[in-house]
Amino acid sequence: MEYNFREIEKKWREYWIANNVYKVVEDESKPKYYVLDMFPYPSGAGLHVGHPLGYIASDIYSRYKRLQGFNVLHPMGYDAYGLPAEQYAIQTGQHPEVTTKNNIARYREQMDKIGFSYDWSREVRTCEPIYYKWTQWAFIKMFNSYYDNALQKAMPIATLEAAFAANGTEGVQAACGEELSFTAAEWNAKPEKEKQAILLNYRIAYLGDTMVNWCPKLGTVLANDEVSEGLSVRGGYPVEQKVMRQWCLRVSAYAQRLLDGLDEIDWTESLKETQKNWIGRSEGAEMNFKVKDSDLSFTVFTTRADTIYGVTFMVLAPESELTDLLTTDSQRAEVTNYVQATKKKTERERIADRRVTGVFSGSYAINPITEEAIPVWISDYVLAGYGTGAIMAVPAHDSRDYAFAKHFDLPIIPLIEGADVSEESLDAKEGIMMNSPRAGHEIEGGLVLNGLQVKEAIAKTKAYIAEKGIGRVKVNFRLRDAIFSRQRYWGEPFPVYYKESMPYMLDESKLPLELPEVDKFLPTEQGEPPLGRAKNWVSDEGFPLELCTMPGFAGSSAYYLRYMDPQNTEALVSKKANEYWRNVDLYIGGTEHATGHLIYSRFWNKFLYDLGVACENEPFKKLINQGMIQGRSNFVYRIKETNTFVSLNLKDQYEVTPIHVDVNIVSNDVLDIEAFRNWNPEYKTAEFILEDGKYVCGWAVEKMSKSMFNVVNPDVIVEKFGADTLRLYEMFLGPLEQSKPWDTNGIDGVHRFLRKLWGLFYTNDDQLQVTNEEPSAEELKSLHKLIKKISFDIEHFSFNTSVSAFMICVNELSALKCRKRAILEQLITLLAPFAPHTAEELWHVLGNESTVCDAQWPVCNEAYLVENTATYVVSFNGKARFNIELPADMPAGEVEKMALAHESAAKWVEGKTPKKVIVVPKKIVNIVI
């Protein structure tokens, strides 16, 4: 029987579907294992060969755990809301729902061809009302909750209202935007509207004024990763920083828990470090600075209050409210121009940009310790969202402050004995303090740090400012609250209506609030979001509904829970399903989600944990980041001012222009000339200068991109070589976590391996040749060596070395002419996670009636791996002369005798009596003459 992979793969795909082989239900008799992929956004371009890399890895692991006896949940769905579909709708007039469904159908077709073991009965689509009903439900719960800092959990907002009514703000420890103070009497006397405004200061989901990336052309707020160099990634339109009233989620309240939770999970240290830096916990102090000749004052957060004597200037974030307040008339024009220029940069770009820019505000602040006047500058290296949006600059001991001081010729005062700051700043985490205060600047009863170690100085300064009322000790976090509004159409509607301009939640019985129809997907002529075009977009009582929609991460934050119970109409997930599946055992996805999706989903899960909906504090126990498959581009070389193309190794004889060519018309770097002529009308009459009768293309490794014509469609590979070849080859390219180039030139070797495997079962005339004979010791050794290797590699995600191990084993078994069922059946079981179609076919060929997915994973028997013989290197006076093979358990004395008696030994002994013979068991015999 020929290895007809097309028929085999089609046959078993249909079998798996017809027999619900991948359908999974809760089964208390089996241990559970939950494997999850970061679900895709279905673009119109479909999958290229880089996309399935992580999916293949997760599929191998899922199948492996099932073969070990686990009840495996391995679902898939679609992150179906987003800006690309909306922009396409704007350009074509086609509803984004139509294009999204078409794209999903294309993705599903491609994924099915690759043979993934997904339970498609659990598929979720974030754009479907049955799904986003629970996103809306969670939002309502967040609106109706506040974060209690004392209890370290979310609590009902009604509890906070009751506390206000009984005691005002006294004793309240709640996460909030602004510290408020009022009595119970004052609270009870306030009108309803004012009470609602105050509660927004505490709600976990709240309306707030915040700085956003605003794109006027797209008419929407953009996330940081949707902006590059001041332009929108989608369309390349100008983006500016703008303060807008937005829905926000109080993620910052969970900062410490998000930090602590990293100790509970099995993630790489580099990824944990990325999250720790994003959360950015710092212990320090807030200090109050008065503005000279003014009633104004402002607060600065610093982790190094002890450096107060080295402060030579202050810096405000351009977007800070203080910037306008502290700018003098003489500096107004210069400051305004600078602020406008800064609006074109995202915060991420400002952090990365090391260029020094800034402008003097015209005002001075009073150092609360020295009472000196300090100039207040404005610069984009300070961000409004971190701390208070103002810093005290200590240029001697901070690199960015140092660069700023040098650029604008501001004083630099070192505070550590022996510090040389003539060329660069000094990291002052340790050392002995000086210039604190400087000679001649002492204040009676003031703070004296000179002679103290840095740690002592920090502690003394914190105590001093607290005692004097200059400031307070505080823990600060860099983590920002999430901006949750988008001025778009294609997103989850908010379950919010407005009464007297204040937000209220729809009753849960009204969910889902479905996305309405609109005549255009553009903002209204009045500048309202697209939902402003919807007719009768009001609540049942006639109150206006929210016009913004939720962002993309809304639908992806709790999708792992919905997979556990996707058809449930009464709850996001039932208690029974959640307590069985609990959380994700293995999560695979790209590093690009390290600080966005993974922070938000962990926050969302912790909130649901507080509500008792999620039974685990962390959603993802183990996380693996797959690398990227890069494109291998090909080039043709056109002789300038002609339509003649010269082959690679002859191009240096001419003046040429390299041109990207479609890699799908190139094989082993040899161009299909006729296909090239038909590829582009411009090349219909092209002439070619060949070498050895062929046109050889150049190549380079680049990002896989349509513009470089190096996108390889997996459908093409599956059609030509089969899905199992594609799966094996993607794993064979290199370690899962690393990026590596795609090179179709190497795929033939993997395909030949599968044909060679097939040859173990069938003769050249297609006769099945499997026997029931007992395996030989060599065959058992080869098999069990493979069992040990594959089991280890899968557990450590070393899939590339697994493929090599399969090739070695098949070569060994072929050389041994192994046809034994006892060997081949276990070999096929080992191969099943990697090449499921081929394995399923051969499993049934061996007479099995059930699916190979339910076979039993082989166990290595170490006894078969024990070496019976050992090869000794025989040396004379330290120089290796010959090898001998002896029984592995032979005593050293016998080994010595055999070495000296060997026919090759006489030449080197030359009749002399050896002075000494050293035997290293199973390795070396050294004869000293």
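I will try to describe carefully the structure that is included in this document.

Calculation notes
Residues numbered from 1 in each chain as written. Predicted model: local features only at pLDDT ≥ 70, side-chain atom pairs only at ≥ 80, totals over all residues. Heavy atoms only, no water. Helix = DSSP H or I, 4+ residues; strand = E, 2+ residues; numbered from the N terminus. Buried < 20%, exposed > 50% of the residue type's maximum accessible area, 1.4 Å probe, protein only. Polar contact = N/O pair within 3.5 Å; in protein donor to acceptor, adjacent residues only side chain to side chain. Contact = heavy atoms within 4.5 Å. Expected span 1.5 Å × (residues − 1). Arc of directions from axis to C-beta. Pairing = 2+ DSSP bridges. Axes fitted to C-alpha atoms, helices over the stretch in contact; angles between N-to-C directions. Parallel < 35°, antiparallel > 145°, perpendicular 65-115°, else oblique. Nonpolar A, V, L, I, M, F, W, Y, C, P; charged D, E, K, R; others polar.

What about the side chain of Glu-286?
Position of Glu-286 relative to the elements: it lies in strand S10 (residues 281-291). For Glu-286, a relative accessible area of 12% corresponds to the buried category. A polar contact of 3.0 Å, which involves the side chain of Glu-286, links it to the side chain of Lys-474. Contacts of Glu-286, omitting those with residues within four sequence positions, involve Thr-299, Val-300, Phe-301, Thr-388, Ile-465, Ile-470, Gly-471, Arg-472 and Lys-474.

Section: helix H15 (residues 454-468)
End to end, H15 covers 21 Å across 15 residues, agreeing with the expected 21 Å (1.5 Å per residue, within 8%). Listing the buried residues of H15 in full gives Val-454, Ala-457, Ile-458, Thr-461, Lys-462, Tyr-464 and Ile-465. Viewed along the axis of H15, the buried residues span an arc of 165°, placing them on a single side of the element. Seen from the open side of H15, the exposed residues pointing more than 90 degrees away from its buried face are Lys-455 and Glu-467. Each element contacted by the buried residues of H15 is listed here: S10 and strand S16 (471-477).

Things to note about the pairing of strand S30 (residues 869-876)
Sheet topology places S30 next to strand S31 (residues 879-887); 8 bridges connect them, and they run antiparallel. Each bridged residue has a counterpart across the sheet, and for Val-873 the counterpart in S31 is Asn-883. Relative to strand S33 (residues 924-928), S30 runs parallel, the two sharing 4 bridges. The residue bridging Ser-875 from the neighbouring strand is Asn-926, located in S33.

So, the packing of helix H24 (residues 777-795) against helix H25 (residues 799-815)
Remark: H24 packs on H25, axes separated minimally by 9 Å, with the N-to-C direction vectors making an angle of 175°. In this view, H24 runs roughly antiparallel relative to H25, as classed from their interaxial angle. For the pair H24 and H25, the contacting residues are Glu-779, Ser-782, Lys-785, Leu-786, Lys-789, Ile-790, Asp-793 and Ile-794 in the first and Phe-799, Thr-801, Ser-802, Ala-805, Phe-806, Cys-809, Glu-812 and Leu-813 in the second. When grouped by side-chain class, the residues that make up the contact of H24 with H25 number 8 nonpolar, 3 polar and 5 charged.

Some thoughts on unusual backbone geometry
Geometrically, the link from Ser-436 to Pro-437 is a cis peptide bond, its omega value of 5° lying close to zero. Note that Pro-437 resides in the loop between helix H14 (399-408) and H15. Geometrically, the link from Leu-511 to Pro-512 is a cis peptide bond, its omega value of 0° lying close to zero. Here Pro-512 lies in the loop between strand S19 (502-505) and helix H16 (552-556).

Topic: the sheet that holds strand S20 (residues 586-589)
Sheet strands associate in pairs through backbone hydrogen bonding, adopting either a parallel or an antiparallel arrangement. With respect to topology, 4 strands assemble into an open sheet ordered S2-S1-S20-S21, the strand pairing being parallel. Where the open sheet ends on each side, the last strands, each with one partner, are strand S2 (71-73) and strand S21 (623-625). Strand-to-strand, the axes of this sheet are offset by a mean angle of 20°, without reference to chain direction. Sheet analysis places strand S1 (residues 32-37) next to S2, joined by 3 bridges and oriented parallel. For Lys-32, the partnering residue across the bridge sits in S2 and is Asn-71. Of the strands in this sheet, S1, S2 and S20 are in contact with helix H2 (residues 52-67), which crosses S1 at around 170°.

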